[in-house]
Structures are given as structure tokens and as C-alpha cells.
Amino acid sequence: MAYLMAFLIGGALCAVAQAITDLLKLNPALTMVLSVSAGAILSSLSLYGPLVKVASAGATVPLPGFGHVLVQGMLEGATEGGFIGLMAGGLKAASLVLTIAILAGFFLSLFFNPKG
Amino acid sequence: MTAVPKRMGNQTVGFSQPPRILSVATVAGPREGAGPMGSLLDLVVEDTLVGCKTWEQAEASMLESAVNLCLKKANMSSDKVQFLIAGDLLNQIVSSSYMARQVGIPFIGIYGACSTVSEGIALAAMIIDGGFADYVLVATSSHHNTAERQYRYPTEFGNQRPPTAQWTVTGAAAILLTSQVKSGPMVTSATVGKVLDMGIKDPNDMGSAMAPAAADTIHRHLTDTGRRPQDYNAILTGDLGMVGKKIAGELLRKSGLDLDGILDDCGLKIYSGSQDPHSGASGCACSGLVLGCSLWPQLASGSLRRVLLVATGALHSPLSVQQGESIPSVAHAVCLEG
Amino acid sequence: MGESMKTKQQQAYQQLANQSAPPRPVVRNVVCAFIVGGSICLIGQLFWSFLMSRGISPKQTAAMVSGFIALLGAVLTAIGVYDELGRFGGMGAALPVSGFANSIVSAALEFKREGMILGMASKMFVIAGPVIVYGLATAFIVSLIQYAIGAVVK
């Protein structure tokens, strides 16, 4: 069941993003930016949390999940350390995925070339 | 033969002693080699890097191969060629300059984006008919990967292209023109186009951006020469693709010219549909390859008598598009006769 | 007068161009995006269940799953597979965090020929940078509002 929900919700998020991209003729980079921001807004409205409960990876793996992580990290930081905690909490929560992506870019570029 | 006036109408020049096209050489990448014209190419490279370190170097090296092949086919040495006219799509036309560094022929660099082939042939023919040179080489190149990384995204970025997008041809073409032979395909007239801009801003829809320029130049050429479309075996636009060709046909019909069965586009001849080129091929090499593989041999054999090659260029830069400017376009026509 | 005439002509032309453009295959694209995106999330969920069964906390699990999918996207980019996946799956490949990694790794590979400092390292963020900037800015604004409301209510 968890697998099915992850597939369905994750797929649905991508399908919505695709429909928006095609119908509004957006540039894919713009859709990616909008998705993260949309995830952040939904998260603060307490709408994204329930989606994560239902779909697990299906909601955290797509980019809106990244926005959700940033907001939840900031809010958690705020309860512990006020405004400074809020400022520090976002990237702290997202640090693993950011570090992996950046280090992968660095190390893989040492060994691989674009195929074109 | 009656003397041809040097100027016809507002935009067209006629050549009283039409320069002949002595040889054309074509070099292209594996994707083009697998296309419908693959077997007609002079050289198909197996790897788009051609053994170079960067795609930019690869493009310059393909251009150099095309120039050398063209000279070899005509049995000429480079020191007899008085001018080399070349251009490409990269910033500051570096492919052409690096090629010119190697071949050592006096160099005239031009930028006309994908209209470079006919712009170059028109200039070469004027130089020759004006008596300033006996031999002039025209060369141009494009490379899918250099164009992608300059105009769009990194090549490994997983984006989806809209159906109006075109695929830049990886290849190079070189054309040798001369006043010194009395047979072979010749350039009889040329129409230099005006830059038009109908406000299209989408760099993924260059066919729509360029169609008005193509239609305008074709219309202008026919008016200036007093000919009908039927006087040509074919009128070939450069790289309008499916989208642009349809619009250009429509625009010409609106101005009272019916080009059904005569109007075609080089961008539709490089790849087969199964190669998923979306709207068609594009790039400086696109019309150059069609000239070398299809037009020149058919004009030489007599199966085509007169064709109009109207290469089209979108004259934007990545910077101008990011700043919200629309895409200015140009088309130049050269009339080739067998 | 010349200017407004020109604009009118341009508008008429843009209408013609719009009519002539082939429609985007929206239904096909949406279905492909659904399948590709869903499958990537399903792979994430397999890892998720594995981690949870090992007694790792949900928060830690979520972070590790995203990290794993990003790494997967990065490797598939390096071996030249992810651009094909993106061509087929559109946003289905771009929206998962593997697509975010793809945007970083593809730029790093592409621009390393302009040097490891001003090429690879600086242009790595050409697409991912905006995602981080706007993500952080939006998150900051909405979190600050929520934090301020909380403080006032208290």
C-alpha cells in the first residue's frame, strides 16, 4: 500500500507539473523553481505534511518536498532558537541532499565527460 | 545570351558572368550520417568530438576538413584561393576563425546565423563577378552540442523539447566558386534580404521567427527578377522546419504567390522522422549539406535546371533573449542554375 | 504611426504563428511524466521502507531517501542516461530530487572544459541556483509570517 501511494502521489505531482509546463509553455527551469516555492507555501499552510504522511517518499522526493523540508526546518529552528534558529534551520534540514548533489557534481566531473 | 543587368529591382543583383561552383564538400556527424542524405555526404565522422578535447574544437576541425576536402575535390591548392568567406553560430564566430588560422587564405568573417551559406555565396559571387578574385571559398559549420550549450542547456540536462524546437545539424560545408571554368552549376543572381522581426520571442520556435524573412526575400526576388515561382524547379528555404515552412507558404499565398510543390525546406531533408528532430533540422550546416549532397549534383547532372536557395538566419543571441528582446531574422536568396 | 502599425502587424503574425505551431502532446507528456516520476518515487519508497525497518527515525529516513535519489540522478547523469530519461519523462524526471541533481551534475560536466574554477564550480548552479534561491526565499517568508503570528498569539 505504501508503495502504491508513493507511486501514485509522486507520479501525480509530476503529472501536474508537466501539465502546467505544457499548458502555460513554461521553461522547465521555471517549473522547478515554482514547484519548490509551491511546496514551501503548502507546507506552511499545513497541507503538505498530511501528504507526506500518506505518500512518504512520493511526497518528499519531488521538489515540492524540498520546499516542505526548508519550511519545517525553519519552523523547528524557530521554536528552539527564535529568529536565528529560523534562519539556520532551513539549510540545516536540507543539508544532506544539497551536499550530496554538490559533491556529486564535483567528483563526477573529475571522471566523466558529457556525451552530448 | 543577353547581358544581365547588375542591379535588378531594389534588392537583387545579377551576375553578367555568372561564377561557377567548382566543388562542394560536406562533413557531418553520425546522426546526420544515419539520415536520408547520409550516403551522399563526403565524410561522416563517427564521434561528435572528432578526437578533439572540446566540441568547439571539433566544430572548427570539421570545418577545416570540409575546406580541405573541397580544395582536394577541385584539385586546387589553397594559395590560389584569394578569399575565404566563413561564418558560424558560436560567439565571435570562433569556429571560422580557428579554421582560417589553419588554412592560411585571406579571411572575411561573416555572421548571418543559419543564413551564412547563401550570404557567403552571394558575397563570393559579387567579388568574383566584380573582378576582384578568380577563386573564392565559402565555408560554414554548426554543431549540435556547441549550439546547445551556448543557446540552451547543458547537453546532459534532462529537458523535454517542445514540438516547435529544431535540432542543430552537426556538420560543415565548403563551396568553391570561380570565374575560371566554363561549365558546371553557376550563381546567376542573388537577393540580399532585409532584417525582419515579427515579435517572436521563443528561441524554441525559430521557424516562426524566420518565416516572414524567408517569404519577404522570396517575394522580393521574384518581383525583382520578374519571374514566376514556376520558373524554378525548387525554391528551398534554409531551416524553417515544418512549422516555419507552413507559415512561409501561407504568407506567400497571402501575397498572391502559390508555391505548392515548389517550396521546400532544407531542414526537412537532413533527418528522417524516426530520428525525432521535432520541427526539423537547423544550423548553418543544414542548407550547406543540402547544397552539397543534393542541389549541386543535380544541377551538375542537369536533373535540376534552376533552383533558389534561401538560407534563413535567426539573429538573436542568448543574452538578447534573456533580456526579453524578440528574434530578428534574415533570409538571403541565391539563384543557382545548371 | 509607423510604430503602432508595426505592432498591429506583429500581433496578427503572432496569431498566425500560434495557429501554425503543432500542439504540444500534453496528454502523452502528462502520462509519461506520471509513470517516470511515480517510478522514481517508488524506488525512493523501497529504500524508505528498508530504512524504517532498520529503526531509523522518519525524519532521518526522509533525508536519506532524498539523498539517495539525488545520488542516483547524479550517477545516471554522468553515464549519459538521465538526459534521455528527461526527454521521455519531462517533469517526471525533472521534478524528483534526482532531476535537481541532474541539473547540477549536467552543468558541472558541461562547463568543466572552461576550467575547474570558473567553469565547473561556478556554472554548476546555473539551473539549480534559482531553485535554491527561490526555495529559500519563499520558505523564509512563509516561515517568518507563521513565526510572527505564533508570537503575537502567544
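Residues numbered from 1 in each chain as written. Chains lettered and ligands numbered in written order. Predicted model: local features only at pLDDT ≥ 70, side-chain atom pairs only at ≥ 80, totals over all residues. Heavy atoms only, no water.

A.B. asks: It is not clear to me how the overall build of chain C should be interpreted in this structure. Could you clarify?
C.D. replies: On a plain count of helices and strands, chain C comes out with eight helices and zero strands. Order of helices (α) and strands (β) in chain C, N terminus to C terminus: α-α-α-α-α-α-α-α. Taking 2.2 N^0.38 as the reference for a compact globule, 154 residues should give roughly 15 Å; the C-alpha atoms of chain C span a radius of gyration of 22 Å, well beyond that estimate. Each principal axis of the C-alpha atoms in chain C carries an extent, and together these give about 75 × 50 × 40 Å. In chain C, which comprises 154 residues, the share counted as buried stands at 47%. Here the contacts in chain C between residues at least 6 apart in sequence split such that 57% fall between residues at least 24 apart. On chain C, roughly 7400 Å² of surface is accessible, and the fraction owed to carbon and sulfur atoms is 71%. Distance between charge centres in chain C, computed from 11 positive and 5 negative side chains, equals 11 Å. (Helix = DSSP H or I, 4+ residues; strand = E, 2+ residues; numbered from the N terminus. Rg over C-alpha atoms; globule rule 2.2 N^0.38 Å. Buried < 20%, exposed > 50% of the residue type's maximum accessible area, 1.4 Å probe, protein only. Contact = heavy atoms within 4.5 Å. Areas by Shrake-Rupley, 256 points an atom, 1.4 Å probe, with all protein chains shown as cover. Lys, Arg positive; Asp, Glu negative; His and termini not counted. Charge placed at Lys NZ, Arg CZ, Asp CG, Glu CD.)

A.B. asks: For this particular structure, what's the right way to read the state of the cysteines?
C.D. replies: Throughout this description, disulfide means a covalent bond between two cysteine sulfur atoms. Residues and elements named next belong to chain B. With the rule as written, the count across this model stands at zero disulfides over all chains. The thiol of Cys 52 is not disulfide-bonded; the next cysteine sulfur, from Cys 284, is found 18 Å away. Residue classification places Cys 52 among the partly exposed positions, given a relative accessible area of 21%. Distance from the sulfur of Cys 293, which forms no disulfide, to the nearest cysteine sulfur (Cys 266) is 11 Å. The buried category is assigned to Cys 293, whose relative accessible area is 5%. (Disulfide = S-S within 2.5 Å.)

A.B. asks: Help me out: how do you make sense of helix α2 (residues 55–73) of chain B in this one?
C.D. replies: Because the α-helix completes a turn every 3.6 residues, residues three or four places apart line up on one side. Residue and element names in this part refer to chain B. An ideal rise of 1.5 Å per residue puts 27 Å on 19 residues; α2 measures up with 26 Å between its terminal C-alpha atoms. For α2, the full list of buried residues reads Trp 55, Ala 58, Glu 59, Ala 60, Ser 61, Met 62, Leu 63, Ala 66, Val 67, Cys 70 and Leu 71. Of the residues trailing α2, Asn 75 is marked for its positive phi of about 60 degrees. (Expected span 1.5 Å × (residues − 1).)

A.B. asks: Quick question: what am I supposed to make of the interface of chain C and chain A here?
C.D. replies: The accessible area lost on association of the parts is a frequent measure of interface size. Opposite the 73 residues of chain C that make contact, chain A presents 66 residues. Regarding the contact of chain C and chain A, the summed buried area is about 5800 Å², with carbon and sulfur atoms giving 78% of it. Run the count over chain C and chain A and you get two salt bridges. In this structure, C:Arg24 engages A:Asp22 in a salt bridge whose closest nitrogen and oxygen atoms are separated by 3.3 Å. Inspection of the region where chain C meets chain A yields 14 residue pairs in polar contact (both at pLDDT 80 or more). For the side of chain C that touches chain A, the secondary structure elements donating two or more residues are α2 (26–53), α3 (58–78), α4 (82–89), α5 (91–94), α6 (97–111), α7 (116–123) and α8 (128–153) of chain C. With 17 residues, the single largest contributor to the side of chain C that touches chain A is α2(C). In the side of chain C that touches chain A, the residues fall into 47 nonpolar, 20 polar and six charged. (Buried area = accessible area lost by both parts, 1.4 Å probe. Salt bridge = Lys/Arg side-chain N within 4 Å of Asp/Glu carboxyl O. Polar contact = N/O pair within 3.5 Å; in protein donor to acceptor, adjacent residues only side chain to side chain. Nonpolar A, V, L, I, M, F, W, Y, C, P; charged D, E, K, R; others polar.)

A.B. asks: Help me understand the domain arrangement of chain B, please; the structure alone is not making it clear to me.
C.D. replies: Residues and elements named next belong to chain B. When cut into domains, chain B gives domain 1 (7–178) and domain 2 (186–337). Here domain 1 and domain 2 have C-alpha centroids that lie 17 Å from each other. On the side of domain 2, 60 residues touch domain 1, which itself brings 62 residues to the contact. Between domain 1 and domain 2 the total buried area reaches about 4800 Å² when both faces are included, carbon and sulfur atoms providing 63% of it. Considering only the side of domain 1, the residues that lose the most area to domain 2 are Gln 11, Cys 114 and Gln 166, jointly responsible for 17% of the buried surface there. Joining domain 1 to domain 2, the criterion identifies zero salt bridges. Counting the contacts that link domain 1 with domain 2 gives 28 residue pairs in polar contact (both at pLDDT 80 or more). Along the lines of polarity and charge, the residues of the side of domain 1 that touches domain 2 split into 34 nonpolar, 21 polar and seven charged. (Domains from an automatic or database assignment.)

A.B. asks: What is the right way to look at the packing of helix α6 (residues 206–225) of chain B against helix α7 (residues 241–254) of chain B in this model?
C.D. replies: Two measures define how a pair of helices packs: the angle their axes make with one another and the distance between the axes. Residues and elements named next belong to chain B. The geometry of α6 relative to α7 is characterised by a closest axis approach of 8 Å and an angle of 40 degrees between their N-to-C directions. With respect to their mutual orientation, α6 and α7 come out oblique. Once α6 is placed against α7, the crossing between them reads as right-handed. Only Val 243, Gly 244, Ile 247, Ala 248, Leu 251 and Leu 252 of α7 make contact with α6, whose side of the interface consists of Gly 207, Ser 208, Ala 211, Pro 212, Ala 215, Ile 218 and His 219. When its residues are assigned to classes, the contact of α6 with α7 shows nine nonpolar, four polar and no charged. (Axes fitted to C-alpha atoms, helices over the stretch in contact; angles between N-to-C directions. Parallel < 35°, antiparallel > 145°, perpendicular 65-115°, else oblique. Left-handed = near helix turned anticlockwise from the far one by under 90°.)

A.B. asks: Even after reading the chapter, I still don't get the pattern of salt bridges, so can you show me in this structure?
C.D. replies: Opposite charge on two side chains allows them to pair when their charged atoms are near. One pass over the full model with this rule turns up 18 salt bridges over all chains. A salt bridge links C:Glu114 to B:Arg149, with the shortest nitrogen-to-oxygen separation between them at 2.9 Å. On the criterion of chain membership, the pair formed by C:Glu114 in the loop between α6 and α7 and B:Arg149 in helix α5 (residues 144–151) is interchain, its members lying in two chains. The exposure class assigned to C:Glu114 is partly exposed, which follows from its relative accessible area of 37%. What makes B:Arg149 buried here is its relative accessible area of 10%. The salt bridge involving B:Arg228 is made with B:Asp231; its shortest N-O contact spans 3.3 Å. Connected through salt bridges with shared partners, the residues B:Glu56, B:Arg149, C:Glu110 and C:Glu114 form a single ionic network.

A.B. asks: Can you walk me through the interface of chain B and chain A in this structure?
C.D. replies: Opposite the eight residues of chain B that make contact, chain A presents eight residues. Roughly 580 Å² is buried in total at the junction of chain B and chain A, and carbon and sulfur atoms are behind 57% of that figure. The largest per-residue losses of area from chain B upon contact with chain A belong to B:Trp55, B:Tyr153 and B:Glu156, which jointly make up 54% of the total buried on that side. Between the two partners, chain B and chain A, sit zero salt bridges. The interface formed by chain B and chain A contains four residue pairs in polar contact (both at pLDDT 80 or more). Each residue belonging to the side of chain B that touches chain A can be placed in one class, and the counts come to three nonpolar, four polar and one charged.

A.B. asks: Whenever I open this one, empty space enclosed by the protein confuses me. Can you help?
C.D. replies: Left-over empty space is what a probe sized like a water molecule reveals as it rolls over the atoms. All names here are of chain B. Tallied over the entire structure, the rule returns one cavity of 30 Å³ or more. One number sums up the size of the largest cavity: a volume of about 180 Å³. Forming the boundary of the largest cavity are 18 residues, of which Arg 152, Thr 168, Met 206, Ser 282 and His 316 lie nearest the centre. For the lining of the largest cavity, the class distribution of residues is eight nonpolar, seven polar and three charged. Domain assignment of the residues forming the lining of the largest cavity places at least three in each of domain 1 (7–178) and domain 2 (186–337). (1 Å grid on protein atoms, 1.4 Å probe; cavity = no way out; pocket = protein on both sides within 12 Å on 5 of 7 lines; lining within 4 Å. Points joined across faces, edges and corners; volume = space filled by probe spheres on them.)

A.B. asks: Would you mind showing me how to read a nonpolar patch on the surface here?
C.D. replies: The grouping of A:Leu103, A:Phe106, A:Phe107, A:Leu110, A:Phe111, C:Met116, C:Ile117 and C:Leu118 at the surface amounts to a nonpolar patch, some 840 Å² of accessible area in total. Elements represented by at least two residues in the nonpolar patch include exactly α5 (63–111) of chain A together with α7 of chain C. (Patch = residues over 30% accessible without salt bridge, like charges linked within 9 Å, V, L, I, M, F, W, Y side chains within 5 Å.)

A.B. asks: What should I look at first to understand the confidence of the model for chain C in this one?
C.D. replies: Keep in mind that low pLDDT regions are not for reading the predicted coordinates in detail. The pLDDT averaged across chain C works out to 95; a share of 98% of its residues lies at or above 70. Mean pLDDT values for the elements of chain C range from 87 in helix α1 (residues 2–20) of chain C up to 98 in α5(C). (pLDDT = per-residue confidence, 0-100.)

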